[in-house]
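# Notes for the structure review
Single-letter residue listing:
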Amino acid sequence: MLRGPEARLRLITVVLIAALLPIMGQLVRLQILEHSQYQTEAEALVQRQYALPESPWGVIMDRNGDLLVGNMPVYDVGAEINMITDTQMAAAVLAPLLNLPEEELRQTLTAPEDTQELIWRPLTRHIPSESARKIQALNWGWITLSPAWERYYAEGSLASHTLGFVNAEGMGYGVQAFQLRFLRGEQIARVGAVSSDTSPMPDELMEGNLIPYPGTDLCLTLDRTIQAYVEGVLDQAMVEYKATGGTILVMDPHTGAILAVASRPHYEPYRYPEYTQNGQDTLFTDPAVSIAYEPGSVLKVVSVAAALDSGRVDLNWSYNDTGQLEYGGVVIRNSSGTAYGRQDLQGILDNSLNVGAATLSTQVMGAELFYQYIRAFGFGQTTGIEVTGEASGLVHLPTDWDWSDSYLATNPFGQGIAVTPLQLATAVSAIANDGVMMQPHIVAERRYPDGRTVSIPSNELGQPISAETARLVAELMARSVETTAKAAQVPGYRVAGKSGTAQIPTTGGYDPQQVIVSYVGFGPLPDPQIVIVVKIDRPDVPVSMRWGTQIAAPVFQEVMARLFTLLGIPPSNLRAGP
Amino acid sequence: MSVVWQKKTHGVLRRQEKAQRLVAKLLLGVVITTSLLAATYLTLVASNVHTARQVWDMEHQIVAAQRDNEALKTEIARLSSIPVLQERSVALDYQPAETIDYLYPGVP
């Protein structure tokens, strides 16, 4: 029995201390000795990797700022199917909103009977905002709506090959695939404390804001008005000449800027999964950039330019055209099959003389000099344009294992050599631009999300010929239009051009029926503002009509005349002054 | 008379009591100060969380506005796309211009 208050106080103190000691001990153990272990466990419970909302990609505009490719806000829909009370009713309500068959949706929404775990199932992807709002209004806790983006092609299939697309794996075509690292917004994923609905806790704001960082916008050199016009003309030509394909390319020779490039057949970029599913992937390849063909006589302008620039010939040079020339085991004949007698450089272009072109390469220049110019004009090499899958074409050189002497005789008039329409336009632009060959480009400007704007400068690819030679060849081409290719003439303007009618190589020879007709030219002289390449594949018209001058030249003329109007280029007599 | 009482009455414990009161006051002061600091801390933390929540909400609003903005951009692009403009032009009876007639001002 304790006596007195002091003894009782002591007893109480001892009891309290005894009671506190284990608590203190536990605190020391938890807070100090095993602190790190418990901290790790606690972090593992609440810390998760979380991603910020998907950021929008950079948009693509034409040179006037008109939107070509934008971002459409859409939603991905999912459901925690264990939480659904009336599956039948839910399927009936959601089916029209999700554009899914009701029965299929009902099966998706039905949870297995013997499971206790929470099951989440994706229902559909990329529903429009309008449908998402209607679903939100239903106020069903088990349905999840995740914001996402979908590429929106404002002009439908316009410039589809150039714009291209990128699939979910980051692979694709066109400028979008080539510039993916700029276009794609930064997808930010962090590790931090998250709430029960896996959204980051407010403390995470200390780490930085949670606003998605968009991609870089691209401003292209394309002009959508010119592009739409050119595509319309190409479609019309395809129908009129019953062609299987075609390309029209418009380029500024002073800068290398591509103003329009249209090819057929084409596709609608937003429907690319359907094309892939149907095995139509070949549609994605851009014939203007990625498919080389034997250009035929349009290459004669390059041969004439090379011969003139080499100094081996001048405007007074002439040769005797006997209608055929044997070289390297092949006999070269003029397309008309006739002899033209004494001919000069103008005659070679006016009459499109294969024998004359072969004479220049085999007897005037020789292989080394001729191919030096062919390379200088960029054939057999990619131009470096900002789209995927650019082809380099095919140029056989004397050092190649498969070289044949006959190439030297056939290449100057565009046989046995393969080029892309883009290469052809680039080479001819050198003639239009005082001998300076500009690198073709499609991206004019990058606009970064922080407000910075970077203009992409024009690059010189080189100067294959002198300014004087370029002016002489341009004059020869212009005279050729004025005398023999009147279908390419534009009233009030001086234009220069050359037609081509190329046979299509097959195994062991050339297709006896089919041809590719083309026309390449520029104008207005003396200061050309645009270069145009027109190529029409396999026109199904009477044989007598299957010539570049009869099919491609009128198309060239139509496009050139309208572009002078669209670009506000006054007629030659007005530009020259009173 | 007990020893304790004697100490109290004879002033020995009075000094102890004085000292204990001082200690008690100090402890009380410490407790009050700690409570005030704790209350201030809790208020700041609560305020911080509240502000963070507001910022969070605003950032969500910005994201929503960003999506609305993109939707509007696409809608403007759709309405000003070439096929739509062509339809509207035809409806308004416009005709495509084939050529441009240039007027050359004479030099006086």
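We now turn to the structure provided with this report. Fair warning: this is a prediction, and the values are worked out from it, not measured in the lab.

### Brief notes about the overall build of chain B
If you tally the helices and strands in chain B, you get three helices and zero strands. Reading the secondary structure of chain B in the N-to-C direction produces α-α-α. The burial tally for chain B puts 5% of its 108 residues in the buried class.

### Details of the sheet that holds strand 20 (residues 496–506) of chain A
Residue and element names in this part refer to chain A. In spatial order, the strands read 11-10-22-21-20; together these five strands make up an open sheet with antiparallel pairing. Of all the strands in the sheet, just strand 11 (258–264) and strand 20 have a single pairing partner and so form its edges. Strand-to-strand, the axes of this sheet are offset by a mean angle of 10°, without reference to chain direction. Both strand 10 (residues 245–251) and strand 22 (residues 530–537) contribute to a ladder of seven bridges, which runs antiparallel. Each residue of the ladder has a partner; that of valine 250, found in strand 22, is isoleucine 532. Contacting strand 10, strand 11 and strand 22, helix 9 (residues 224–240) runs over the sheet at an angle of about 30° to strand 11.

### Examining the pairing of strand 21 (residues 509–523) of chain A
All names here are of chain A. As judged from the ten bridges shared by strand 20 and strand 21, these two strands associate in the antiparallel manner. If you follow alanine 496 over to strand 21, its bridge partner there is phenylalanine 522. Linkage of strand 20 to strand 21, two consecutive antiparallel strands, is achieved through a turn of two residues, within which glycine 508 is found at a positive phi near 80°. Summarising the sheet, strand 21 and strand 22 pair through eight bridges and their orientation is antiparallel.

### Considerations on the packing of helix 16 (residues 421–432) of chain A against helix 17 (residues 467–483) of chain A
Residues and elements named next belong to chain A. One way to put it is that helix 16 packs onto helix 17 with a least axis distance of 7 Å and a crossing angle of 105°. One element, helix 16, and the other, helix 17, form an angle in the roughly perpendicular class. Taking contact as the criterion, the partners of Ala430, Ile431 and Ala432 in helix 16 are, on helix 17, Ala470, Val473 and Ala474. Of the residues contributing to the contact of helix 16 with helix 17, the split by class is six nonpolar, no polar and no charged.

### So, helix 2 (residues 35–46) of chain A
For helix 2 of chain A, built from twelve residues, the straight-helix expectation of 16 Å at 1.5 Å per residue is met to within 8% by its first-to-last C-alpha distance of 17 Å. Judged by how many residues are buried, helix 2 of chain A sits mostly at the surface: zero of twelve residues are covered.

### What about the nonpolar core?
Nonpolar side chains in soluble globular proteins tend to be buried together. All names here are of chain A. Grouped together as the largest cluster of nonpolar side chains are 144 residues, with contacts concentrated most on Val250, Val301, Val304, Val428, Val473, Ile532 and Phe556. Counting residues per element, this core draws most heavily on helix 18 (residues 548–566), which supplies nine residues. The contact partners of isoleucine 532, leaving out residues within four places of it in the chain, are Ile248, Val250, Gly521, Phe556, Val559 and Met560.

### Overview of unusual backbone geometry
All names here are of chain A. That bond from arginine 264 to proline 265 is cis: its omega, 0°, falls within 30 degrees of zero. Turning to its location among the elements, proline 265 is positioned in the loop between strand 11 and helix 10 (272–277). One non-glycine residue with positive phi stands out, namely lysine 242, at about 50°. If you trace the backbone, lysine 242 turns up in the loop between helix 9 and strand 10. Phi angles above zero are rare outside glycine, and aspartate 434 is one such case at about 55°. Inspection of the secondary structure assignment puts aspartate 434 in the loop between helix 16 and strand 16 (437–438). Judged by C-beta crowding, with 19 C-beta atoms within 10 Å, aspartate 434 ranks as partly exposed.

Rules and cut-offs
- Residues numbered from 1 in each chain as written.
- Chains lettered and ligands numbered in written order.
- Predicted model: local features only at pLDDT ≥ 70, side-chain atom pairs only at ≥ 80, totals over all residues.
- Helix = DSSP H or I, 4+ residues; strand = E, 2+ residues; numbered from the N terminus.
- Buried ≥ 20, exposed ≤ 12 C-beta atoms within 10 Å, placed from the backbone.
- Pairing = 2+ DSSP bridges.
- Axes fitted to C-alpha atoms, helices over the stretch in contact; angles between N-to-C directions.
- Contact = placed C-beta atoms within 7 Å.
- Parallel < 35°, antiparallel > 145°, perpendicular 65-115°, else oblique.
- Nonpolar A, V, L, I, M, F, W, Y, C, P; charged D, E, K, R; others polar.
- Expected span 1.5 Å × (residues − 1).
- Core = buried A, V, L, I, M, F, W, Y, C linked by C-beta atoms within 7 Å.

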